[in-house]
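Analysis of the macromolecular model
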Amino acid sequence: MNRQKRRTGRRHPLATVALLAIGLVFTGGAYAALSAGTTAQAEADSTSQQTIEEGKKLFQANCATCHGLSAEGTDTGPSLVGVGAAAVDFQVGTGRMPMQMQGPQAQEKPVQFTDEQVKQLAYYVASLGPGPDIPDDHLVNGGGDAANGAELFRINCAMCHNVAGAGGALTEGKFAPPLTDVSGVHIYEAMVTGPQNMPVFNDLNISPEDKRDIITYLKYVQDNRSPGGFELGSLGPVAEGLFIWIFGLGAIVAITVWITAKSN
Amino acid sequence: MSTASPTTGTPKRSFTTSAAVYVNERTSIAGFVKELGRKAFPDHWSFLLGEVALFSFVVILISGTFLTFFFQASMAEVHYDGSYVPLKGVEMSVAMASTLDISFDIRGGLFVRQMHHWAALLFVAAIGLHMLRIYFTGAFRKPREFNWVIGFTLFILAMAEGFTGYSLPDDLLSGNGLRIIDGLVKGIPVIGTWTSFLIFGGEFPGTQIVGRLYSLHIMILPALVIAFIALHLVFVVVHKHTQYAGPGKTPQNAVGPPILPIYAAKAGGFFFIIFGVLALIAALFTINPIWNYGPYDPSPVSAGTQPDWYIGFADGALRLIPPGWEFVWLDRTWSFNILVPLIAIGIFIVLVLMYPFIEAWITGDKREHHIADRPRNAPTRTAIGAAGVTFYAGLWAAASSDILATHFWLTMEGVIHALQAVVIIGPFIAYFITKRVCIALQKKDREIVLHGYESGRIVRLPGGEYIEVHEPLDEYDRWRLVSFESYAPLMIRPNARGKITAGQKFRASLSRWFFEDRIAPVTKGELESGHGEHH
Amino acid sequence: MAQDDNSGAELAAADSSHAAHASDASPGTALIVQDAFENPGFPAHRPRVTDENPQREKRAQRTVYTLFYLSILGSLWAVAAYMLFPMESNNPGDVRLNNLFIGLGAALALLALGIGIVHWGKSVMEDVELVDERHPIGGSPETQAAAVKVFTDSDRESGFTRRSVIRNSLIGAIVVFPLPALVLFRGLAPQDQLPVPLLSHTMWRKGTRLALDPSGAPIKASDVTIGSAFHVIPEGLNDLEHGKLDEKAKAAVLLMRLEPSELNELPERKDWSYDGIVAYSKICTHVGCPVALYEQHTHHLLCPCHQSQFDVANHCEVIFGPAKRPLPQLPIAIDDEGYLIAQSDFTEPVGPSFWERH
C-alpha cells in the first residue's frame, strides 16, 4: 500500500467515470474473501444438480466477467473456489454483489436477484469447493444468551461496528457498516466468511453457539428501542454534543429572545 | 424602618409590610434590599446567556444530589444482577452496577441521570456562548478584567466537573477516556510516569480511580464552582451590568427594568424554563447509554470513541499530530505527539485568560467601560476572536474525524489533513475575512448616517431621472450608529531619558496592528458637510 | 419611533452633564472627538398592548393562571406516571415509558410554570424602566485614600516592610509548611511499588499459552485460519485474584494470520511468528487505546481513538496518525500439543510512551 494511493480520494468523480467506462461490460464484479474457514462442508446432497445448473447459468451471465467463467478469478475479481455458499449468500443477498463499480469496498444496494436465484448461485459456488455453508435457522433466530453475545460483541466486533452496532470508519474511506437492520443469517455469514476487509471469525475462534449469542444480542438491540428515548444515531458524545448546541442551546437562545422582547 | 415600634402598633399594615418588618428586625436586611431591590438590570437576550449556565448548574446540583443517594463509587467487582438482560451475570464494578440500577431499577432514575448529563453538556455550552458574548462585545474591559478571569476559570472547572462526572460509571467509553488521560499524563516529561502512578493508585486502571474522581466530582470541584460563581455574581452586582449603546444610555448610567419585580420574574421564570427544557430533553433523548458500552475492560473499544463535547478540542488536538513526533534524547523519551497538543492548548488557554490585560496594555485606556461594543466597531478584536474560534472549532471537529468520514463519505485521512490545514491556516483566513467584514459593516454604518436609509421609494425627477429617496435617520437611530470610540495607533515617544525602549516599540507595533485601518464614527461636522454633496 | 417629542430632551440634558465627571483616568490612545454627536436622551416610552387594551390585559392574565394550572397538572401527571409505568419486568421498553412519561410530566410542570412567570413579568406587571447612576468602581478618592492609609499604617505598626528578616523568614515558613501535606500524597500509590518496573513487564512468560478473550480457552495454531483475528489474553489471567484488569491492560494481544509470503518480517524477528501467525500488543503506543480494527486484506490495524494506523505486514510500523512506535510484537511458538505459546514476555514496555522508557 503505497502512500500515493492512500492520498487519492475514493470518491473522485473522474475516477468514477473511468471505472464506469471500463466497467460498462460489467454485469457484476466480485470481492469475496480470499479464503475461508474450512470447517463447514457444502451439503451437495441437499441441493439438486438442477439448482447448481441454474446457478451456473446465472453465474456465467452475471459474475463471470470479473470472477472468470468457472469462478477461477481474474484480475478484477478473486477466485470463488472454496468461498462457500455463505459468502455468496452474503455478498449477493445483501446486494453487495454484483458490484456497481470498484471502490474502497463493495456497497450495500438493492438486491439484484430473487431469493431463489441467490440460493442457486450460492450452491453453484459451493459445488466448486468446500466452504462455509448457509447457517441453520436455530443459529440465527436470536434464541441464545444475549449477555454472552454482548460481551463477545464488545471484544470482537465493537471496535469496528460500534458497541450499539452503529458502524464506524476504517482506513482510506472504508467503513464498517451499521448492523442495525442486518438479518441474523447475513451477520452469521459475515462472521464465517470475512467479507471485504472484515477478519474471518471461524468456529474455533467464535463457536457457532457464540455466534448465535452475538446475533441474539444484536437482535435484542434491534428489537428494543433505547430506554432513554431517541438514540440520536447511537453515535455517542459527538451526536449528543451537536444536539445540545444546535437544539438545546438553540431553543434556549430563542427563549431568551422571547423573554427580553417587548411584550405585544 | 428598624426604629418602628413593635409590630402590634398599626393594624392597617399589609401582610407584606408586616412580614418584611418582622424579618428585618431580626436580620437587618433592609439596607441590602433597599440597595439592590430596585437596581436597574439592562435587558437584552444576550445578557441571559450567563443565567443559562447558572441555572443549568442549579439543575446539575439538584439532580446530582439525587444521584448520590444511589450511586456507589466503588471499583469492587460484582456480577451484575439487575434488570438489563444483555448484561446479566457480567462482571463489572460496583460503580457500573449501581449506575445501571439507577437506570433500570429505580423508577425515574434514568430520567434524573439523563437530565444530569444533559444539563452538564448545556452548562459548559452556555458558559462557552456567554464567554463569546462577553468577548465580542468587549465586556471584559476595565473594571471587569477579574471577572473575565473568574468566568474563564469556571469554564475550566466546568470541564473538569464534566470529565470527572462522565468517568464515574466505569463503563467502556469513559474507561477508554481515562486510558487516554493515563497515556497523556505518562507522556509528560519528568513527572508523567509518577503522576499517572499516583493518580491511578498504582497501575492503570487499578481500583482507586472512580472513588478519587468521585471526591473531586461531588466535593472539591462543586465547592470551587460555587465559590467562583458567588464571586462572579458579587462582581456583577458591584460593577452593575453593561449595556448596549442606545439613546439615553451613557457610561454613567444603567437602564433597565428593576430587579424586583420584573427582572426577578423573568429570571425566576427562566430558571424553570431551563429546568423544563432539560426535563423535556431528558425525557425524549438518550444520553450516555452505558448499557450499550458495557463495563470497562482494557481489551475492547468501540468505534466512535469520543469524549463529551467540551473535551473534544483536546482529543482533536491529539488526533491532528502527524506520525513520528516522538524522540529518544538523553536516554529519555520525549513525546512531542503529546507535548505539542498540551502546550498548544496551554498557550491558547493562557492567551484567552490574559486577553483583557493584553488589550488594555495595547490601548493604554484606563477608563471604565460600561457600554458594550458592537463587534464591528472593534474590528481587530473581533477578527482575533474569529481566529480563536476557528482554531478551537478545528480542534473540536478533529475529535469527530471518524464520524465526519463515515457520514460525509470521505476518507479519514483526508479529513485529518483538511483539519490540520484548518487549525493552522484557518485562523489567519478567519482573521482576515472577519476584519474586512467588520470594516465593511462600519463603512455601511457611515453611509447610512451620512446619507440615510434607502427608503424603497422611487421618485422621478423633473429631468426624467429616477432616483431612490434616502430617508435621513432620526437622532435615536443615528446615535446607535455613531456612539462608539475609535483608537489611534500609539505614537512612539522617547521616555524621560530620551530613549525609545524595545517594549515601547513592541507596544506601538501592536497598537498599529490593532488600529491602523480603523473607521471613525461620523461627526456632526461630517454630516453637515455631507448633506449638501449627496442630495 | 418617528414621532419623537421632547420628553427625552431633559434627560438628554441631564445626561450630557455626566460627560464632565467621566473620570479623569487616561483614555489611552482613544480619540476624543470634539464635534461628536450628543446623546439624544431617552426616546418616548412605548406602551405595550396590554397597557392600552384592557381586554388584552385580561387575556394575558388568563394565560398566566392557565399556565400555572397546567403546571400543577404536569406535576400530578409526573406523580401518576411514576405509579402507572412500572419497570420491574426486565423489559427496557417499560423503562422507556417510565422515563418518557415522568419526564414529560416534569417538563410540562416546569415549562408551564416558567413561561407563566415570565409572561406575568412581561405582560402583566407594570412596565417600569429605571435609570441607575453608576459610580466609579474604586469609590471616592477619600475612601480609597483611607483604605491605603489602613495598609500603610498597619505596615508601619507591624514593621512588615522594615523588619525584613522577620518577614522573609515568615514567607519561607509559609512556603514550606504545606510540604508535609504534599508528601502525604505519596500514599496515593502503593509504597512498595515503583511505576517503571511495573510498566516494563507483563504477564507473558516463556511458555504461557495464548488464550481467547474472554473465555480463556487456549488457542491451537491450526485454529487460526488465514484472515482471522483472535483477541487474546494470557492463559491464567482469568484465575487471577487481584489486578486482573491491570494485567489485562498490559497483556491484551491481537493474533492474526497472514499469508507467510505477505509478511515482511525484520531479520531479527524471523522466528517470532509461526507460519504466518503474528501476535501484537493491542495497546496503542500513542496513548493506550486498544488497537483492534484489523483489515484482513490491507493488513492495516487502526486505533479508533486517534486514528493511528499500523501495518501488520510490516512489523506494525506506523503508517498514519499520531503514534510513533510500532506496536510491540509478542514472540510466539507452539508447544507439543500444538497450542500457541509465548516465547517470552514482550521485549519492550507495551502501551503509551513514558519518560523513563529508554
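Parameters and conventions
- Residues numbered from 1 in each chain as written.
- Chains lettered and ligands numbered in written order.
- Predicted model: local features only at pLDDT ≥ 70, side-chain atom pairs only at ≥ 80, totals over all residues.
- UniProt positions renumbered as here; feature names shortened; annotations may be inferred.
- Helix = DSSP H or I, 4+ residues; strand = E, 2+ residues; numbered from the N terminus.
- Buried ≥ 20, exposed ≤ 12 C-beta atoms within 10 Å, placed from the backbone.
- Contact = placed C-beta atoms within 7 Å.
- Nonpolar A, V, L, I, M, F, W, Y, C, P; charged D, E, K, R; others polar.
- Domains from an automatic or database assignment.
- Pairing = 2+ DSSP bridges.
- pLDDT = per-residue confidence, 0-100.

As named in an unreviewed UniProt entry, chain C is Cytochrome bc1 complex Rieske iron-sulfur subunit, taken from Agromyces salentinus. A UniProt comment under Sequence similarities (unreviewed entry) is attached to chain C, and it reads "Belongs to the Rieske iron-sulfur protein family." UniProt, in its Subcellular location (unreviewed entry) section for chain C, records the words "Cell membrane".

Under an unreviewed UniProt entry, the name given to chain A is Cytochrome bc1 complex cytochrome c subunit, and the source organism is Agromyces salentinus. Its UniProt record, at the heading Subunit (unreviewed entry), says of chain A: "The cytochrome bc1 complex is composed of a cytochrome b (QcrB), the Rieske iron-sulfur protein (QcrA) and a diheme cytochrome c (QcrC) subunit." A UniProt comment under Catalytic activity (unreviewed entry) is attached to chain A, and it reads "a quinol + 2 Fe(III)-[cytochrome c](out) = a quinone + 2 Fe(II)-[cytochrome c](out) + 2 H(+)(out)".

**Section: the overall build of chain A**
When helices and strands are tallied, chain A shows 12 helices and 2 strands. Across the 264 residues of chain A, 57% fall into the buried class. Of the contacts formed within chain A by residues at least 6 apart in sequence, a portion of 76% connects residues at least 24 apart.

**Brief notes about the interface of chain A and chain C**
Taken together, the contact between chain A and chain C spans 31 residues of the former and 34 residues of the latter. Among the secondary structure elements, those contributing two or more residues to the side of chain A that touches chain C are α8 (146–156) and α9 (158–161) of chain A. Ranked by residue count, the leading element in the side of chain A that touches chain C is α8 of chain A, at 3 residues. Taken together, the residues of the side of chain A that touches chain C break down into 13 nonpolar, 15 polar and 3 charged.

**Brief notes about the domain arrangement of chain C**
Each assigned domain of chain C is listed with its residue range as follows: domain 1 (53–124), domain 2 (146–183) and domain 3 (198–357). Using only C-alpha atoms to locate each centre, domain 2 of chain C and domain 3 of chain C end up separated by 60 Å.

**Details of the sheet that holds strand β4 (residues 253–257) of chain C**
All names here are of chain C. If you trace the 5 strands from one edge of the open sheet to the other, you get β2-β3-β4-β5-β10, paired in antiparallel fashion. Unpaired on one side and paired on the other, β2 (210–212) and β10 (329–330) mark the two borders of the sheet. As paired strands, β2 and strand β3 (residues 229–234) are joined by 3 bridges and run antiparallel to one another. Along β3, the bridge assignment pairs L212 with V232.

**Quick word on the interface of chain B and chain C**
Taken residue by residue, the interface counts 114 residues in chain B and 97 residues in chain C. Looking at which element gives the most residues to the side of chain B that touches chain C, the answer is helix α10 (residues 259–284) of chain B, with 16 residues. Broken down by class, the residue content of the side of chain B that touches chain C amounts to 56 nonpolar, 34 polar and 24 charged. When strand β4 (residues 253–256) of chain B meets strand β1 (residues 130–133) of chain C, the two strands line up antiparallel, connected through 4 bridges.

**A word on the environment of Q504 of chain B**
All names here are of chain B. For Q504, the position within the fold is in helix α19 (residues 502–515). Take Q504: there are 15 C-beta atoms within 10 Å of it, and that puts it in the partly exposed class. Expressed as a C-alpha distance, the spacing of Q504 and V255, which sit 249 residues apart in the sequence, is 40 Å.

**Details of the sheet that holds strand β7 (residues 300–302) of chain C**
All names here are of chain C. In space, the 4 strands of this open sheet follow the order β6-β7-β8-β9, with antiparallel pairing throughout. Each having just a single partner strand, β6 (293–294) and β9 (317–320) make up the two edges of the open sheet. Bridge analysis of β6 against β7 gives 2 bridges, and the strand direction is antiparallel. When the bridges of β7 are listed, L293 appears paired with L302.

**Thoughts on the confidence of the model for chain C**
Residues and elements named next belong to chain C. Summary statistics for chain C give a mean pLDDT of 89 and a share of 93% for residues scoring 70 or more. At the level of individual helices and strands, chain C shows its lowest average pLDDT in helix α1 (residues 9–18), which scores 38, and its highest in helix α6 (residues 164–176), which scores 96. Every residue in residues 1–22 scores below 50 in pLDDT, and together they form 35 contacts with partners more than four places removed in sequence or on other chains. For this predicted complex, the interface confidence score (ipTM) comes to 0.92, while the overall pTM stands at 0.91.

**A look at the UniProt feature "domain: Cytochrome c" (unreviewed entry) in chain A**
Mapped onto this numbering, the UniProt entry gives "domain: Cytochrome c" (unreviewed entry) at residues 50–129 and 144–222 of chain A. Helix makes up 51% of residues 50–129 of chain A and strand 0%, and the two end C-alpha atoms of the span are 18 Å apart.

**Overview of the pairing of β3 of chain C**
The two faces of the sheet receive side chains in turn, since in a regular strand these alternate between them. Residue and element names in this part refer to chain C. Taken across its 6 residues, β3 has 6 buried, putting it largely inside the fold. Of the two faces of β3, both are covered, the one formed by A229, H231 and I233 as well as the one formed by F230, V232 and P234. Sheet topology places β3 next to β4; 4 bridges connect them, and they run antiparallel. The residue bridging F230 from the neighbouring strand is L255, located in β4.

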